[in-house]
Each structure stands twice: as C-alpha cells, then as structure tokens.
Amino acid sequence: MIKLIHVKKDYTEGGVITNALKDINLEVKDGEFVAIMGASGSGKSTLLHILGGMDKLTSGEYYYNDEAVHDMSMGRLNIFRRDHVSFVFQNAALMKYYTVAENIEMPLLSMNVGKKERKKIIEEKMEAVGIAHLAKKLPIHISGGEQTRTAIARALAGDNELLLADEPTGALDSQTSIQIMELLKEISKEKLVIMVTHNVTLANKYSDRVIALNDG
Ligand code: ADP
Ligand code: MG
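Residues numbered from 1 in each chain as written. Chains lettered and ligands numbered in written order. Predicted model: local features only at pLDDT ≥ 70, side-chain atom pairs only at ≥ 80, totals over all residues. Heavy atoms only, no water.

Attention now goes to the sheet that holds strand β1 (residues 2-13). Taken together, the four strands give an open sheet; going across it, the order is β2-β1-β4-β5, and neighbouring strands pair in antiparallel fashion. In this open sheet, the two edge strands, each paired with only one partner strand, are β2 (16-28) and β5 (67-68). Two elements, β1 and strand β4 (residues 59-64), share five bridges in a ladder whose sense is antiparallel. Residue pairing in the sheet places Leu4 in a bridge with Tyr62 of β4. This element, helix α1 (residues 44-51), spans β1, β2 and β4 of the sheet and lies at about 120° to β1. (Pairing = 2+ DSSP bridges. Helix = DSSP H or I, 4+ residues; strand = E, 2+ residues; numbered from the N terminus. Contact = heavy atoms within 4.5 Å. Axes fitted to C-alpha atoms, helices over the stretch in contact; angles between N-to-C directions.)

Okay, structure coming up:
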C-alpha cells in the first residue's frame, strides 16, 4: 500500500522555485490500477518519480507498506527502487544499439541474474507482452506499440510489485493504445499499476481510479 501525506516537491533552478507538488494526500491499495491525469506541467511525472523513489520529496511523508520512504537517504532509495519499483519511461526510452531481448535483459544484469535464468526470464516476458518474434530486432526497426511493449517487458523483468508508467500510450495511435491499456490491465491483476495518461476515455474505461492533478 502507498500513502502520501502532505507531500510537497519544489524544484530550484537558477534561483527560480517551482512548486511542482503542493500538498498531495493519496492512498493507493495493492491491486489497484490507477491513472493520473492532468495538463502538461501539472506535476504528473514529478509525482511518479516521487512514488518510484527516483527523487526526494521536499516535505511530507511517503509510506510504502510500512517503510518511511521520505526518511531514506539516496543510497537507501536506490535499494528501495531495486526491490520494489519497475518503471516504464515516457517514449519507452530503449537503448537504441541493443536488441529487444538485450533491452529486456538490462535490469537482470544489474541484479546479477545468471545467464541461463536471464534467457528464461527474457523469453517469458517477451511472451507475456506479445513480442517473442522481435527478440533480435533493434528498437528503430519495430513499431511504437512494440517499443512500448518492450519497455513494459523490461520493467516486468525486474519482477517488482509496483509498476509505474509515464504516458505509455502518449505516442501511440488509438488502436495500439487500447492494446497497451489491456496489457496494463492484465498486469494489474498481479501488480500495483500507476500510469500517467492524457487519454480520459481509456483512463475511465480501463483503470480502477482516475486521479486528476491540477497545478501540483
Ligand atoms: P507533467 O509531467 O505533468 O507535465 P512535471 O512533473 O514534469 O509535469 O513538471 C511539473 C513542474 O515542475 C513544471 O513546471 C516543470 O517545469 C517543473 N519541473 C519538472 N522537473 C524539473 C526539474 N528537474 N527542474 C526544475 N523544474 C522542473
Ligand atoms: Mg510528464
């Protein structure tokens, strides 16, 4: 379970302070599929980064189950991320000189998983997201939807219980977006899925809950 209490996040850049998150109070239960919506600049990515332990909050409290994430040092946050969080970045963010299979392998290498086990997991995850036939292709040689599937497979390879996705359907046509939403819905049966989206129809149709973010 996730609990945010009076969470604030400020960015300071060139003497200018941006209050990206102003006073967020949020509870998300295990097994929920949550969609975060809001205008550009409203703080959606910032919220996802805070939830994923990728950034420290300025004030407030963040509890992940019984862990006080707000008290963690950067080093401890790294461990928190490794143990709990999988992230699908905006625009898939694949390594362009690596094949689909090699991209999915990335988190497994940093987890020191043995070669045989890695191969098994890669095949399993490619199968799960429907891209088994693309293993040896480079990202530029597959479609946007397939790139997103690869990014999801890479996230799943880490096998963490919290899956965060930043606009996974942002660059996709409507039919492909539906397929990705169906995939995320399926994944949410086993994981807590929190996604950012601009598509209100898909958010309402597939997620259990829509959270609207308005200017932080
Ligand atoms: P969204 O994802 O909803 O478009 P963001 O969370 O990316 O919004 O940004 C929220 C606000 O914080 C924006 O005003 C943005 O310019 C600012 N911001 C985001 N990241 C940084 C950063 N690293 N440094 C300074 N300002 C930032
Ligand atoms: Mg964003």
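For the structure on display, the rule yields three aromatic pairs. Note on Tyr62 and Phe80: the rings are 6.3 Å apart at their centroids and 85° apart in plane angle, and the pair reads as edge-to-face. With Tyr62 in strand β4 and Phe80 in helix α2 (residues 74-84), this residue pair connects regions lying 18 residues apart in the sequence. Linked through ring pairs, Tyr62, Tyr64 and Phe80 together constitute an aromatic cluster. (Phe/Tyr/Trp six-rings, centres within 6.5 Å; stacked < 30°, edge-to-face > 60°.)

Within the secondary structure, Thr197 sits in the loop between β8 (192-196) and α7 (200-206). Taking the relative accessible area as the measure of exposure, Thr197 reaches 1% and is therefore buried. A polar contact is formed between the side chain of Thr197 and the backbone nitrogen of Asn199, at a distance of 2.9 Å. Excluding residues within four positions of it along the chain, Thr197 makes contact with Ala35, Ile36, Met37, Thr169 and Ala203. (Buried < 20%, exposed > 50% of the residue type's maximum accessible area, 1.4 Å probe, protein only. Polar contact = N/O pair within 3.5 Å; in protein donor to acceptor, adjacent residues only side chain to side chain.)

Time to look at α1. Within α1, six of the eight residues are buried, which leaves the element mostly enclosed by the surrounding structure. Where α1 is concerned, the buried positions are Lys44, Thr46, Leu47, Leu48, Ile50 and Leu51. A positive phi of about 70° marks Gly53, the residue just after α1.

Moving on: the site of ligand 1. Close contacts around ligand 1 come from Tyr11, Glu13, Thr18, Ala20, Ala39, Ser40, Gly41, Ser42, Gly43, Lys44, Ser45 and Thr46, and that covers them all. At 3.2 Å, a backbone N or O of Ser42 approaches an oxygen atom of ligand 1. Between ligand 1 and the protein, one listed contact pairs an oxygen atom with a side-chain N or O atom of Lys44 at 2.8 Å. Against a free-state accessible area of 560 Å², the protein chains account for coverage of 64% of ligand 1. Contributing elements (two or more residues each) for the shell around ligand 1: β1, β2 and α1. Residue contributions to the shell around ligand 1 peak at three residues, all from α1. Looking at the shell around ligand 1, its residues break down into three nonpolar, seven polar and two charged. (Near = heavy atom within 4 Å. Areas by Shrake-Rupley, 256 points an atom, 1.4 Å probe, with all protein chains shown as cover. Nonpolar A, V, L, I, M, F, W, Y, C, P; charged D, E, K, R; others polar.)

Turning our attention to the packing of helix α4 (residues 115-129) against helix α5 (residues 144-157). One way to put it is that α4 packs onto α5 with a least axis distance of 9 Å and a crossing angle of 135°. On the basis of their axis angle, the class for α4 and α5 is oblique. Handedness of the α4/α5 crossing: right-handed. From α4, Ile121, Lys125 and Val129 reach across to α5, where they touch Arg149, Ile152, Ala153, Leu156 and Ala157. (Parallel < 35°, antiparallel > 145°, perpendicular 65-115°, else oblique. Left-handed = near helix turned anticlockwise from the far one by under 90°.)

This brings us to unusual backbone geometry. Even without glycine at this site, Asn91 takes up a positive phi of about 60°. Here Asn91 lies in the loop between β6 (85-88) and α3 (100-110). With a phi angle near 65°, Ala92 is a residue other than glycine that sits in the positive phi range. Note that Ala92 resides in the loop between β6 and α3. Judged by relative accessible area, which is 7%, Ala92 ranks as buried.

Below, the discussion takes up the sheet that holds β6. Here five strands make up an open sheet; going across it, the order is β6-β7-β8-β3-β9 and the pairing parallel. Both outer strands of the open sheet, β6 and β9 (209-212), are each paired with one neighbouring strand and no more. In this sheet, neighbouring strand axes are inclined to one another by 20° on average, regardless of whether the strands run parallel or antiparallel. Across four bridges, strand β3 (residues 33-37) lies against β9 in parallel orientation. If you follow Met37 over to β9, its bridge partner there is Ala212. Across the face of the sheet, α2 comes into contact with β6 and β7 (162-166) while running at roughly 80° to β6. Most of the contacts of helix α6 (residues 174-187) go to β8, to which it runs at about 150°, and overall it touches β3, β7 and β8.

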